[in-house]
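Observations on the three-dimensional arrangement
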Amino acid sequence: MWKITADDLESIAIGAGILGTGGGGNPYLGKVRMREHVKAGRTATIIRPEDVPDDACVVSVFNMGAPTVGYERLPQGEEEWTALRALEAHIGRKADAIVPGEIGGSNSIAPLVVGAQCGVPVIDADGMGRAFPELQMETFTFNGVSMTPLALSSHKGETVILRDIDDPHEVERVARRWAVAHGARAGTAGSVMTGAQLKAFGIPGTLTLARRVGEAVRAARNTRADIHAAVLAVTGGRRLFTGKIVDVERRTTAGFARGEVTLAADDQSRCMIAFQNENLIARAIAPDGSERVLAIVPDLICIVDSETGEPVTTELLRYGLRVTVLGIPAPVQLRTPRALEFVGPRAFGYDTDFRPLELVAGKG
């Protein structure tokens, strides 16, 4: 068990921004929200999955919406807590602990804010091991935990409970429509599960991993060491491309930020990365026009500032920024045949099977 400090928060914001693969919401804004609670003497208590009793009531907490919208309009601050309270009122009991829905960007910090607001412990785990754009892409869901009842809350404090919907994709469609109609983002609480289910299906240790990644970046800055090598020493994977952003096609549609970013290297080679909130596929384009895949979902494709190592999330992509693309192997829980039905390339409309980073890009 440990309590979040201001120093932890600095590291988690960096690490979760990198693990978010472009999405999960802006980590700086999440950090600012939580920092105000820490300054006021309120913080979150982090517990290990193995310390959660098997019969405990666990709830997944996060935000849904387009990161481009979340960056332009700041949250009211109680959206996730309001959703949790609405869900608890619906199920007739308090949650014993909450777990981040994903370990990406501000969505890794939102549960810490809820933990500080209401005192419920936060589990050092999550349901994605990275960030994904759609609700049904949690490990809890594709291992049989029902997504409903699911509570949504708007920035105006409006709430709705989705109930008795068996199809996870239909839950995503209905929830997304509600979020779009209420400002393109919503605080969310759902996937009510037991402690035993959390331990069986969650991806453990991801808040600690985010903190370790951030600590590695900060230490490398202080010693003028290779920042990207420091990240890869913690996460595995390899450096995929280094260059300047020369084009960004980005649009906010149906509650997502979709588009493509193009990078150019000094040797005239290029790298194109397609995204739906999160980065989905990275292709290298040689000067002769030939293409090859560098990495593809569910493996992590992370864009970071070449000089500082700061994560560059989808909404911050801009012409002229010099960046480095890192590929990180996805957790094993995302590479099973069952998981790939939900988070593999075909789940995003690509007519190709998943090929692990180790095969398409080699070891770093």
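To start, this report covers the structure provided alongside it. Predicted, not measured: the structure shown is a model, and the values here were computed from it.

An α-helix turns once per 3.6 residues; consequently, residues spaced three or four apart project the same way. Those residues of helix H10 (residues 227-235) lying buried are Ile227, His228, Ala230, Val231, Leu232 and Thr235. Those residues of H10 hidden inside the fold are in contact with helix H1 (6-19), helix H9 (206-223), strand E11 (238-253), strand E16 (300-305) and strand E17 (322-328). Glycine 236, located one to two residues past H10, shows a positive phi value of around 80°.

A word on the pairing of strand E9 (residues 185-194). Within E9, eight of the 10 residues are buried, leaving the element largely enclosed by the surrounding structure. In the sheet, strand E3 (residues 57-65) pairs with E9 via eight bridges, with the strands oriented antiparallel. Bridged to serine 60 within E9 is glycine 190. Pairing of strand E7 (residues 150-153) with E9 involves three bridges; the strand directions are antiparallel. In the sheet register, alanine 151 faces E9, and the bridge partner there is alanine 189.

This next bit is on the environment of alanine 175. Along the polypeptide, alanine 175 turns up in helix H7 (residues 168-181). For the pair alanine 175 and isoleucine 161, spaced 14 residues apart in sequence, the C-alpha separation works out to 9.6 Å. Setting aside chain neighbours within four positions, we find alanine 175 in contact with Met64, Leu135, Leu150, Leu152 and Leu162.

Here the focus is the packing of helix H2 (residues 27-39) against helix H5 (residues 110-118). Interhelical geometry of H2 versus H5 gives an angle of 25° and a closest axis separation of 9 Å. Overall, the two elements H2 and H5 adopt an arrangement that is roughly parallel. For the crossing formed where H2 meets H5, the hand is left-handed. Side by side, H2 and H5 meet where Arg33, Met34 and His37 of the first sit next to Ala110, Leu112, Val113, Ala116 and Gln117 of the second. For the contact of H2 with H5, a count of residues per class yields five nonpolar, two polar and one charged.

As a further point, take the side chain of threonine 235. Checked against the element boundaries, threonine 235 lands in helix H10. Since its relative accessible area comes to 17%, threonine 235 is described here as buried. Once residues lying within four places of it in the same chain are set aside, the contact partners of threonine 235 are Val213, Ile328 and Pro329.

Moving on: the environment of leucine 316. Along the polypeptide, leucine 316 turns up in the loop between E16 and E17. We classify leucine 316 as partly exposed; its relative accessible area is 29%. Sequence separation between leucine 316 and leucine 359 is 43 residues; the distance between their C-alpha atoms is 30 Å.

What follows covers unusual backbone geometry. Residue threonine 148 is joined to proline 149 through a cis peptide bond whose omega torsion reads 5°. Mapped onto the fold, proline 149 is located in the loop between helix H6 (139-142) and E7. Each neighbour pair has its own omega, and for valine 297 with proline 298 the value is 10°, a cis peptide bond. Looking at where proline 298 falls in the secondary structure, it is placed in the loop between strand E15 (291-296) and E16. For serine 191, which is not a glycine, the phi torsion comes out positive at approximately 50°. The backbone phi angle of glutamine 268 is positive, close to 75°, even though this residue is not glycine.

The rules we used
Residues numbered from 1 in each chain as written. Predicted model: local features only at pLDDT ≥ 70, side-chain atom pairs only at ≥ 80, totals over all residues. Heavy atoms only, no water. Buried < 20%, exposed > 50% of the residue type's maximum accessible area, 1.4 Å probe, protein only. Helix = DSSP H or I, 4+ residues; strand = E, 2+ residues; numbered from the N terminus. Contact = heavy atoms within 4.5 Å. Pairing = 2+ DSSP bridges. Axes fitted to C-alpha atoms, helices over the stretch in contact; angles between N-to-C directions. Parallel < 35°, antiparallel > 145°, perpendicular 65-115°, else oblique. Left-handed = near helix turned anticlockwise from the far one by under 90°. Nonpolar A, V, L, I, M, F, W, Y, C, P; charged D, E, K, R; others polar.

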